[in-house]
Amino acid sequence: MLKKRGAGVLLHISSMPSPYGVGVFGNEIKNFIDKLCYMGFTYWQVLPFNPLDDANSPYCSPSAFAGNYLFINPEQLCNMGLITKEDVKINIYNGSPYTAAYEFASERRLETLKKAFSSITDEIKAEICEFEKKNAWLDDYAVYMAVKEQENNKPWYEWSDSHSHYEICKKTRAYSEKSASFWKFVQYIFFKQWGEIKEYANKKGIAVIGDMPIYVAMDSADVWSNLPLFLIDKKTLAAKQVAGVPPDYFSENGQLWGNPIYNWSEMKKGGYSWWISRLESALKTYDVVRIDHFRAFASYWEVPSDSKTAKTGRWKKGPGMDLFNRVFEVFPNAPIIAEDLGIYGEDVIQLLNDTGFPGMKVVQFGFDPNSDSSHMPHNAVQNSINYVGTHDNNTILGWLWEATEEERRFALDYVGFSGSNWGDGGYNSPSCRKIIEAVWRSSSNVAVISLQDMCGFGSDARMNIPGVPEENWRFRTTEDTINGIDFDYFLNINATFRRMYPVFD
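First, a word on scope: everything that follows refers to the structure included in this document. (Residues numbered from 1 in each chain as written. Predicted model: local features only at pLDDT ≥ 70, side-chain atom pairs only at ≥ 80, totals over all residues. Heavy atoms only, no water.)

### Quick word on the overall build of the chain
Argument step 1. Broken down by element type, the chain carries 21 helices and twelve strands.
Argument step 2. Relative to a compact globule of 505 residues, whose C-alpha radius of gyration would be 23 Å, the chain shows 23 Å and is just as compact.
Argument step 3. Taken over the C-alpha atoms alone, the chain extends approximately 70 × 55 × 45 Å along its principal axes.
Argument step 4. Split into buried and exposed, the 505 residues of the chain put 59% on the buried side.
Argument step 5. When contacts within the chain are restricted to residue pairs at least 6 apart in sequence, long-range pairs at least 24 apart make up 75% of them.
Argument step 6. Accessible surface, the chain: about 20800 Å² in total, of which carbon and sulfur atoms supply 49%.
Argument step 7. Treating the 51 positive side-chain charges of the chain as one cloud and the 63 negative ones as another, the clouds have centres 4 Å apart. (Helix = DSSP H or I, 4+ residues; strand = E, 2+ residues; numbered from the N terminus. Rg over C-alpha atoms; globule rule 2.2 N^0.38 Å. Buried < 20%, exposed > 50% of the residue type's maximum accessible area, 1.4 Å probe, protein only. Contact = heavy atoms within 4.5 Å. Areas by Shrake-Rupley, 256 points an atom, 1.4 Å probe, with all protein chains shown as cover. Lys, Arg positive; Asp, Glu negative; His and termini not counted. Charge placed at Lys NZ, Arg CZ, Asp CG, Glu CD.)

### Regarding the pattern of salt bridges
Argument step 1. Scanning the model with the defined rule gives 26 salt bridges in all.
Argument step 2. Here lysine 170 ties to aspartate 139 by a salt bridge, and the two come within 3.0 Å at their closest N and O atoms. Residue lysine 170 is located in helix H8 (residues 166–172), and its partner aspartate 139 is located in helix H6 (residues 138–150); the two are separated by 31 residues in the primary sequence.
Argument step 3. Here the residues in one salt-bridge network are Glu132, Asp139, Asp140, Lys170 and Lys184, joined through shared partners. (Salt bridge = Lys/Arg side-chain N within 4 Å of Asp/Glu carboxyl O.)

### Overview of the pairing of strand S10 (residues 359–362)
Argument step 1. Here S10 shows two buried faces, one formed by Gly359 and Lys361 and the other by Met360 and Val362.
Argument step 2. Relative to strand S11 (residues 384–387), S10 is paired through four bridges, and the arrangement is parallel. Residue valine 362 lies in a different strand from S11, and its bridge partner there is tyrosine 387. (Pairing = 2+ DSSP bridges.)

### A short note on the nonpolar core
Argument step 1. Counting 170 residues, the largest nonpolar core has Phe41, Trp44, Phe185, Trp275, Phe297 and Trp440 as its most contacted members.
Argument step 2. Sorting elements by how many residues they give to this core places helix H9 (residues 177–203) first, with twelve residues.
Argument step 3. Not counting the four nearest positions on each side in its chain, phenylalanine 41 is found in contact with Ala7, Gly8, Val9, Leu36, Ile206, Trp440, Ile449, Met454, Phe490 and Asn494. (Core = buried A, V, L, I, M, F, W, Y, C linked by side-chain atoms within 4.5 Å.)

### Thoughts on the sheet that holds strand S9 (residues 336–338)
Argument step 1. Strand order in this open sheet of eight strands is S9-S6-S3-S2-S1-S12-S11-S10, and the pairing throughout is parallel. On the outer flanks of this sheet lie S9 and S10, each paired with one strand and no other. For this sheet, the mean inter-axis angle between neighbouring strands, taken without regard to orientation, is 25 degrees.
Argument step 2. Judged from the three bridges that link them, strand S6 (residues 288–291) and S9 form a sheet pairing that is parallel. Following the sheet pairing, isoleucine 291 is matched in S9 by alanine 338.
Argument step 3. Lying on the sheet, helix H1 (residues 27–39) is in contact with strand S1 (6–10) and strand S2 (43–45); it crosses S2 at an angle near 135 degrees. (Axes fitted to C-alpha atoms, helices over the stretch in contact; angles between N-to-C directions.)

### Digging into helix H17 (residues 405–415)
Argument step 1. Looking only at H17, the buried set comprises Arg408, Ala411, Leu412 and Val415. Down the axis of H17, the sector holding all buried residues measures 95 degrees, keeping them to one side.
Argument step 2. Looking at the residues trailing H17, positive phi occurs at glycine 416, about 85 degrees. (Arc of directions from axis to C-beta.)

### Digging into the packing of helix H5 (residues 122–134) against H9
Argument step 1. At a minimum axis distance of 10 Å, the contact between H5 and H9 shows a crossing angle of 85 degrees. Of the possible angle classes, the one that applies to H5 and H9 is roughly perpendicular. Contact with H5, carried on its side by Ile124, Glu127, Ile128, Phe131 and Glu132, involves Lys184, Phe185, Gln187, Tyr188 and Phe191 of H9 and no other residues of that element.
Argument step 2. A per-class count over the contact of H5 with H9 returns six nonpolar, one polar and three charged. (Parallel < 35°, antiparallel > 145°, perpendicular 65-115°, else oblique. Nonpolar A, V, L, I, M, F, W, Y, C, P; charged D, E, K, R; others polar.)

### Some remarks on H6
Argument step 1. Given a rise of 1.5 Å per residue, 13 residues ought to cover 18 Å, and the 19 Å separating the end C-alpha atoms of H6 matches this to within 8%.
Argument step 2. With ten of 13 residues buried, H6 lies mostly within the body of the structure.
Argument step 3. Close packing links the buried residues of H6 with H5, helix H7 (161–164), H8, H9 and helix H10 (221–225).
Argument step 4. Note on H6: the residue one or two positions beyond its end, asparagine 152, has a positive phi of about 55 degrees. (Expected span 1.5 Å × (residues − 1).)

### Here's the deal with the sheet that holds strand S7 (residues 299–304)
Argument step 1. Ordered by their spatial adjacency, four strands build an open sheet running S5-S4-S7-S8, and the pairing between neighbours is antiparallel. On the outer flanks of this sheet lie strand S5 (255–260) and strand S8 (314–317), each paired with one strand and no other. Adjacent strand axes in the sheet meet at a mean angle of 50 degrees when their direction is disregarded.
Argument step 2. Bridge count between strand S4 (residues 241–245) and S7: four bridges; the pairing is antiparallel. Residue pairing across strands places glutamine 241 opposite proline 304, the latter belonging to S7.

Honestly, that's just the spatial picture; any functional story needs more than this.
This is the structure in structure tokens:
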């Protein structure tokens, strides 16, 4: 996998069509997969499946292992006999189908899942037990969620002593067993429904590229239950240092993420078992795993926890090949993509070479009139994934509108568009198509395009603006919009540029 020429589409579950406020694991996704298959695509890329933070981001999650219950399809719960058709109806959202309604979906889905839980059979209970045996992380996550409810949803480091100290909590069982069982049920349903979708995609010849955030949230089951593996003050329960990145393309002040830093020396003592478990879980969930901010394994930006911006940080050495030698012992041919974007030096280049993982190219980053960027399609190596744009980028039409005249003219000249009507045409925009074809023509084994760029949308349809905490992750689409895509155009370029080799041997 990732060694043959192929092409993929980036569209997250939350953005999928559905009547429930956000996308769910339903027939709409199967219809989308059918269309990918028709167009000759071989990959479908999603964003992290983890539960969301308060800003609706999946990149700072309360669990590195759990799935987002918003994606659970109420209709499937009804088909299992756990809820009624009337219960399904309360999940139907009557607002805009173009914006994810997280607040509505969260309230209604949780209410529905609790009703479903009250109807589970002995057969389902037995299946949950089997699911738990295969997922060692489940008990700690379920207990964390149960205690969080008892503590009025406060972060774990503000809980009472009997709860905030993991060992004491587990030993004294100072939590609601019924609530913990409910959260195990939720995860069982999530992965059951997702498993059916993934199986459908694989049978159609579509491999799923998943996404693994490099860090976890401070308020997470992972930190609470594995305190020695993070740089946390055991007395104050506060992070000593937090994660971020220095000033870069996206932000002049850098990005202060606030996640706790890993205690790599402690992880090494345990044979990096937490990372091995995390990768094992991800490789079961997806066919390919993209590791976000991969450069942190070579060196990472560490910021004092009381800093107001990320400017005051410093680079620290990461675990490097010591970690990945262990990974390769367990997963010799792990299909991993290294997100190697941003500022980095020779240490990251060396780590990429040593692991052999494909890195990423983003054509928008290549359109610098004053450099011969590695992101320009003619410089792409075969062992790379080439993007028209990622979830963090503007759409290609939005980029053309917001670029300087010099940048825009350079980009259009590079791809062979000489006209003045570069902004015309919507999804038929000849300028955007020239850029797409430049990516498809590149030597990169895999080329990826977002649904927004397939539709020719502007900047108002972008998924995320890094460093801006509000109003992100809300893009949604409809079946009519997907049906309006020029399927034959994408079938043609996938065939012309030889991107239709099967991914499953």
